[in-house]
Amino acid sequence: MSENPFSLWVYLSQSPLLWLTMTLVVYAGADAVSLATERHPLANPVLHSIWIVGLFLMLTGTSYPTYFAGAQFVHFLLGPATVALAVPLYENRKVVLAAILPMLVALVVGSIVAIVSVVVLAEAAGLPRTVVLSLAPKSVTAGVAMGIAESLGADPSLTAVSVILTGIMGAIIVTPLMNRAGITDFRARGFAAGLAAHGIGTARALCIRGNRAVACGLVWRAWRLDGIPSIAFPPSRCMLARNVPLFSTSNHSARHGQRKR
Amino acid sequence: MIVSFSLILLCQLIGEVFVRGLRLPIPGPVIGLMLLLVLLFARDHFSLLARGPLGDGGVENASRGLLANLSLLFIPAGVGVVQKLDLLAERGIAIVVILAISVVLTLLATVATFLVVSRLMARASEKP
């Protein structure tokens, strides 16, 4: 305590410990809030962690590279986590193989629409080239999307944010949109929800809120299979969802069991 | 646990070497994923492989542990957006609107495709 407390800050702010700890603590808090709100899409833990950490960096005048020196240990795990997607894929192999045809068709159509629509709109809005490229993979599972963005020479951070935003908006929009469109096929709705529900948070959000018509189990499945499409066709993860509805038909009761969990 | 995690890392490492070596425009971990998948399938056919991380649900448990916290892993990259605040101030609204429109279009296209394909398949299976 004899020293200026400021020197302690200078020391800590340059060490990986502080930023690694902060990332985990902020996420744990945001995740707890998300759980408390029954995984409401707007309480997405990733979204809130990002702005909280970002705000803290700005208030303390910490540069992003300094932060990343600590947080890189978390970031690194994205690679192994992508490899680990092989396990849910393997465990759902029967579903995947049974639905392989509709999956492939929906994969192709869904990914083309996802990519073309965003590129055309972004070009029309006059966004800079790197931004357009960063938005293009937004329908792919985030970990893979960031890999694609990097290889396109785009900006992975912008891609990460656009993937998350896409997932949140998808989760919010899907139910009213399907009602409005008069889609009553329960499997199709569940499938679409799975498609929109990028990443864990949003998929679970829909799942736990149990949006009547939107089959939660489908979404859940979609999430568990998430990443499959990206494997087959890197620029599209959307297709993932395909297996879901098919699955649901045969597993109606199991789905409800899952929701309660 | 360590052995299972080593297997996952090894798959990723081989994937990276493969991708870099051949200069493929695919992320290395995606190749690692396929490799692990092949190993899991191979295990079902060759009991010789069902040991170590591939036996006793070792790699399955390690993978579930990693995937359970998948959201956390996006945060460091996402925070990188602090470097793009000027872009967001200028173009943020346009980006959000574009993403929203694209989501709606993608949802509708996917639902439509699904309905069409599943109806065609149902019809085809009635015929035989």
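What counts, and at which threshold
- Residues numbered from 1 in each chain as written.
- Chains lettered and ligands numbered in written order.
- Predicted model: local features only at pLDDT ≥ 70, side-chain atom pairs only at ≥ 80, totals over all residues.
- Helix = DSSP H or I, 4+ residues; strand = E, 2+ residues; numbered from the N terminus.
- Buried ≥ 20, exposed ≤ 12 C-beta atoms within 10 Å, placed from the backbone.
- Contact = placed C-beta atoms within 7 Å.
- pLDDT = per-residue confidence, 0-100.
- Expected span 1.5 Å × (residues − 1).
- Nonpolar A, V, L, I, M, F, W, Y, C, P; charged D, E, K, R; others polar.
- Axes fitted to C-alpha atoms, helices over the stretch in contact; angles between N-to-C directions.
- Parallel < 35°, antiparallel > 145°, perpendicular 65-115°, else oblique.
- Left-handed = near helix turned anticlockwise from the far one by under 90°.
- Core = buried A, V, L, I, M, F, W, Y, C linked by C-beta atoms within 7 Å.
- Domains from an automatic or database assignment.

**Student:** Could you clarify how one ought to interpret the overall build of chain A in this entry?
**Tutor:** The secondary structure content of chain A amounts to 17 helices and zero strands. The burial tally for chain A puts 56% of its 261 residues in the buried class. Long-range pairs, those at least 24 residues apart, make up 68% of the contacts in chain A with a sequence separation of at least 6.

**Student:** Just to check I follow, could you spell out the overall build of chain B for this structure?
**Tutor:** Along the backbone of chain B there are five helices and zero strands. Going from N to C terminus, chain B has its helices and strands arranged as α-α-α-α-α. In terms of overall dimensions, chain B has C-alpha extents of about 55 × 55 × 30 Å along its principal axes. Burial status across chain B gives 40% buried among its 128 residues. Look at the contacts in chain B between residues 6 or more apart in sequence, and 43% of them connect residues 24 or more apart.

**Student:** Could you clarify how one ought to interpret the confidence of the model for chain A in this entry?
**Tutor:** Where the model shows low pLDDT, its predicted coordinates should not be examined in detail. Residue and element names in this part refer to chain A. The share of residues in chain A with pLDDT of 70 or more is 57%, and the mean pLDDT across the chain is 67. Summarising per-element confidence for chain A, the mean pLDDT is lowest in helix H16 (residues 243–250) (28) and highest in helix H2 (residues 16–36) (92). Overall, residues 197–261 carries pLDDT values under 50, and its contacts beyond four positions in sequence, including any with other chains, amount to 207 contacts.

**Student:** Help me out: how do you make sense of helix H3 (residues 45–59) of chain A in this one?
**Tutor:** An α-helical segment advances 3.6 residues per turn. Residues three or four places apart therefore align on the same side. Residues and elements named next belong to chain A. If you check H3, its first and last C-alpha atoms are 21 Å apart, about what 15 residues at 1.5 Å a residue would give, namely 21 Å. Turning to H3, its buried residues are Pro45, Val46, Leu47, Ser49, Ile50, Val53 and Gly54. Directly beyond the C-terminal end of H3, a positive phi value near 65° is found at Gly61.

**Student:** So what exactly am I meant to see when it comes to the interface of chain B and chain A here?
**Tutor:** Accessible area lost on assembly of the parts is the figure often given for the size of an interface. Contact with chain B, which involves 61 residues of that partner, is made by 87 residues of chain A. In terms of residues, the side of chain B that touches chain A owes the most to one element, helix H5 (residues 85–126) of chain B, which gives 25 residues. Of the residues assigned to the side of chain B that touches chain A, the class counts are 45 nonpolar, 12 polar and four charged.

**Student:** Honestly, the packing of helix H1 (residues 2–22) of chain B against helix H2 (residues 28–45) of chain B in this entry has me stumped. Any pointers?
**Tutor:** Relative placement of two packed helices is described by the angle separating their axes and the distance separating the axes. Residues and elements named next belong to chain B. Two numbers describe how H1 lies on H2: the axes approach to 7 Å, and their chain directions differ by 125°. Comparing the axis directions of H1 and H2 gives the class oblique. Taken as a pair, H1 and H2 cross one another with a handedness that is right-handed. Residues Ile8, Cys11, Gln12, Ile14, Gly15, Glu16, Phe18 and Val19 of H1 lie in contact with H2, whose contacting residues are Gly28, Pro29, Val30, Ile31, Gly32, Leu35 and Leu36. Grouping the amino acids of the contact of H1 with H2 by side-chain chemistry returns 10 nonpolar, four polar and one charged.

**Student:** Please clarify how the nonpolar core should be interpreted in this entry.
**Tutor:** Across soluble globular proteins, nonpolar side chains have a tendency to be buried as a group. The biggest cluster of nonpolar side chains holds 76 residues, and the ones touching the most others in it are Ala84, Ala86 and Val118 of chain A together with Ile75 of chain B. In terms of residue count, the dominant contributor to this core is H5 of chain B (nine residues).

**Student:** Which parts of the structure should I look at to understand the domain arrangement of chain B?
**Tutor:** Parsing chain B into structural domains produces domain 1 (1–68) and domain 2 (76–128). Here the C-alpha centroids of domain 1 of chain B and domain 2 of chain B sit 30 Å apart.

**Student:** Help me understand H2 of chain B in this model?
**Tutor:** Helix length check: H2 of chain B (18 residues) gives 26 Å between terminal C-alpha atoms against 26 Å at 1.5 Å per residue, within 8%. Among all positions of H2 of chain B, only Gly28, Pro29, Val30, Ile31, Gly32, Leu33, Leu36, Leu37 and Leu40 of chain B are buried.

**Student:** I keep staring at the packing of H2 of chain A against H3 of chain A and nothing clicks. Help me out?
**Tutor:** Residue and element names in this part refer to chain A. Direction vectors running N to C along H2 and H3 enclose 135°, while the axes themselves pass 9 Å from each other. Accordingly, the angle class assigned to the pair H2 and H3 is oblique. Relative to H3, H2 is oriented so that their crossing is right-handed. Where H2 approaches H3, its residues Met22, Thr23, Val26, Tyr27, Ala30, Asp31 and Ser34 are matched on the opposing element by Pro45, His48, Ser49, Ile52 and Val53. Broken down by class, the residue content of the contact of H2 with H3 amounts to seven nonpolar, four polar and one charged.

**Student:** Please explain the environment of Val117 of chain B as it appears in this structure.
**Tutor:** Relative to the assigned elements, Val117 of chain B resides in helix H5. On the basis of neighbour count, Val117 of chain B is assigned to the buried category, with 20 C-beta atoms found within 10 Å.

**Student:** Looking at this model, I keep getting lost on the environment of Gly57 of chain B. Mind explaining?
**Tutor:** Residues and elements named next belong to chain B. Assignment of secondary structure puts Gly57 in the loop between H2 and helix H3 (58–68). For Gly57, a count of 13 C-beta atoms within 10 Å translates into the label partly exposed. The sequence separation of Gly57 and Ser4 amounts to 53 residues, and the corresponding C-alpha distance is 9.3 Å.

**Student:** What should I look at first to understand the environment of Val132 of chain A in this one?
**Tutor:** All names here are of chain A. Among the secondary structure elements, Val132 is positioned in helix H9 (residues 129–135). When the 20 C-beta atoms within 10 Å are taken as the criterion, Val132 is described as buried. Considering only alpha carbons, one finds Val132 and Val119, 13 residues apart in sequence, at a separation of 6.0 Å. Apart from residues no more than four positions distant in its own chain, Val132 is found in contact with Val119, Ala122, Glu123 and Leu127.

**Student:** In this structure, what is going on with the confidence of the model for chain B? I would like to understand it.
**Tutor:** Put simply, chain B has an average pLDDT of 84, and 98% of its residues get 70 or more. As scored by the predictor, the complex reaches a pTM of 0.71 and an ipTM of 0.84.

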